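Residues per chain are reported as follows:
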Amino acid sequence: MNDEMQIRLRSAIAKQLGVSATEITPNLKMGDHPAWDSMGHMGLVAALEKEFAVRFPSHALPRITSVVLIEKELTKMLPKV
Amino acid sequence: MFPAATVELENPIPSELLPDFIGKLHYVSPNMTNIAVAPSAKVVCFDLKPDSAATVDAIAERIREVARVLCQGKRDFEAKILVNRLDRAMPCVEDPHPLLLRTNELFEYGPGRYGLGPMLIRLIDIFQADVTAELARPFAAQPRQYPSLIGADLLHQCKYIKSFPQSLNLVAHLKPDLDSIQQFARQVEWNGDSLTVAPGTLADPRVLLSPSVCFHCYRWLADTAMPANQSFTATGKCFRYESGNMKGLERLWDFTMREVIWVGDGDYVCDQRQRAIDLSAKMLDKWGLAYQIKTATDPFFIDSYGMQAAFQRAFDLKFEVLAPLPYKGASSFLAIGSFNFHQEFFGRAFNIQTASGEAASTGCLGFGLERVGLAFLAQHGIDPARWPKPVARSYESGESGQY
């Protein structure tokens, strides 16, 4: 994932969790922040799908539980530039 | 006859959402009765109660809203069937309710409220004893007893209040001041349907009737670091308001649940849940029940349904024991038990830590004992001479009898 996409990803996560983008570290994971609970996770999935115009497959949902894992999954889904 | 109404939906309701959709229709308006969904799953039929203030158009709009929100963001998950015993013979096809009512084994006090007679008590006690012996004892589960009342603060911490508002049973008492009590006593009337209560005499609700058993367990462990993984067991009355869905022993307003609860690290809880599923299958086989253990979701309220249900499905958080009710046709199942994994949700909410300082994971199994009894009688009839031998033997010997 290139720098621009990484910035977009972190801003989208930060916006959804209601925190500053600087708080979005690669190791941040579900449960680390009160807004990233079960409801928050699905809200985050929906927000990322909208931001990147993708649809995560159902089987990927339990995998994408940290910033770094989201980044990996998105990299597989986004067109290579 | 009430005036009949039909409402056409924008799209058919997907089959996996249909039971939840029908369940939620009973919360749309108190002026609806005889609610049904056409086989196309695209048309809702209902009767409007006479002298109803609501219009069909207003109700139709709400029904479409329920359909829209329920289907919003729906994701397809392949159902996981862990155990399948649907090929087991079910010798009975008769609805046991009329017979139980005729023989004084069942007494209806009102919708969702039933009294049980000696045969039903003894049968349910056998099932409860088996659940304790075969599902609680192998985990060395520590017995606990919890109150039927639960604090609003505790339910709020569990995020239950906003996730399941439709099921809540708020406990009301009078304001403890003389004016309110006197005003209440002077003005209270039984109007033939409900109590008419003077406004302002009731105190704000601080407690509710508990909808589940395990929430109490987490509150008891709050702000502790557990030296080791641990399991608990308790039986309790659970209270869930089900509106027009309440029907005989299938869906009671208050029911009895035996739970086994695991608290510890994630691997421990997942392993115990899987072990409990295996042990439950042996127990259900012994009872001679036809059933299936399958992925499931909780009946979340409309606003959060899509997201909460998708999360449960994605992470395999809930499996249910579904028993067919032959008197209702081939495709009608009753959930008689469930196996749940809550991840660290309650560990974080109540600050329960594992020995290594991580937020504890929790999980539980629960069997709804009246439903187990109903499924058994629906499949095998009410004559003990025709029951599967292990259950008949326990029944005749009175080993698990209440007295």
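The shown structure was predicted, so the numbers you read here are calculated from the model rather than taken from an experiment. (Residues numbered from 1 in each chain as written. Chains lettered and ligands numbered in written order. Predicted model: local features only at pLDDT ≥ 70, side-chain atom pairs only at ≥ 80, totals over all residues. Heavy atoms only, no water.)

**Quick notes on the overall build of chain B**
Thinking step 1. Scanning chain B from N- to C-terminus turns up 13 helices and 19 strands.
Thinking step 2. Computed over C-alpha atoms, the radius of gyration of chain B comes to 22 Å, within 12% of the 22 Å expected from 2.2 N^0.38 for 403 residues, which places it in the range of a compact globule.
Thinking step 3. Its C-alpha atoms give chain B principal-axis dimensions of roughly 60 × 50 × 50 Å.
Thinking step 4. Taken over 403 residues, chain B has a buried fraction of 51%.
Thinking step 5. Considering only contacts within chain B whose residues lie at least 6 apart along the sequence, 72% involve residues at least 24 apart.
Thinking step 6. For chain B, the accessible area works out to roughly 19,300 Å², and carbon and sulfur atoms hold 53% of it.
Thinking step 7. With 40 positive and 45 negative side-chain charges, chain B shows a spacing of 2 Å between the two charge centroids. (Helix = DSSP H or I, 4+ residues; strand = E, 2+ residues; numbered from the N terminus. Rg over C-alpha atoms; globule rule 2.2 N^0.38 Å. Buried < 20%, exposed > 50% of the residue type's maximum accessible area, 1.4 Å probe, protein only. Contact = heavy atoms within 4.5 Å. Areas by Shrake-Rupley, 256 points an atom, 1.4 Å probe, with all protein chains shown as cover. Lys, Arg positive; Asp, Glu negative; His and termini not counted. Charge placed at Lys NZ, Arg CZ, Asp CG, Glu CD.)

**Section: the overall build of chain A**
Thinking step 1. Helix and strand counts for chain A stand at 3 helices and 0 strands.
Thinking step 2. Going residue by residue from the N terminus, the α and β elements of chain A occur as α-α-α.
Thinking step 3. Its C-alpha atoms give chain A a radius of gyration of 11 Å, within 12% of the compact-globule value 12 Å for 81 residues.
Thinking step 4. Referenced to the eigenvectors of the C-alpha coordinate spread, the extents of chain A come out at roughly 35 × 30 × 20 Å.
Thinking step 5. A buried classification covers 46% of the 81 residues belonging to chain A.
Thinking step 6. Total accessible area on chain A stands at roughly 4,400 Å², and carbon and sulfur atoms take up 58% of it.
Thinking step 7. Seen as two clouds, the 10 positive and the 9 negative side-chain charges of chain A have centres 5 Å apart.

**Focus: the sheet that holds strand β2 (residues 32-37) of chain B**
Residues and elements named next belong to chain B.
Thinking step 1. Taken in spatial order, the 3 strands line up as β1-β3-β2 in an open sheet, and their pairing is antiparallel. Here the strands that pair on one side only, and so sit at the sheet edges, are β1 (4-8) and β2. On average, each strand axis in the sheet is tilted by 20° relative to the strand beside it, whichever way the strands run.
Thinking step 2. The strands that helix α1 (residues 18-25) touches are β2 and β3 (43-48); relative to β2, the one it contacts most, it runs at about 165°. (Pairing = 2+ DSSP bridges. Axes fitted to C-alpha atoms, helices over the stretch in contact; angles between N-to-C directions.)

**Thoughts on the confidence of the model for chain B**
Thinking step 1. Averaged over every residue, the pLDDT of chain B is 93; the share at 70 or more is 98%.
Thinking step 2. Scoring of the predicted complex yields 0.91 for pTM and 0.82 for ipTM. (pLDDT = per-residue confidence, 0-100.)

**As for the sheet that holds strand β7 (residues 142-143) of chain B**
Residue and element names in this part refer to chain B.
Thinking step 1. The 8 strands lie next to each other as β4-β15-β16-β17-β19-β14-β13-β7, forming an open sheet whose pairing is mixed. Two strands close off the open sheet at either side, each with one partner strand: β4 (81-84) and β7.
Thinking step 2. Sheet topology note: the β4/strand β15 (residues 292-295) ladder contains 3 bridges and is antiparallel. Each bridged residue has a counterpart across the sheet, and for N84 the counterpart in β15 is Q292.

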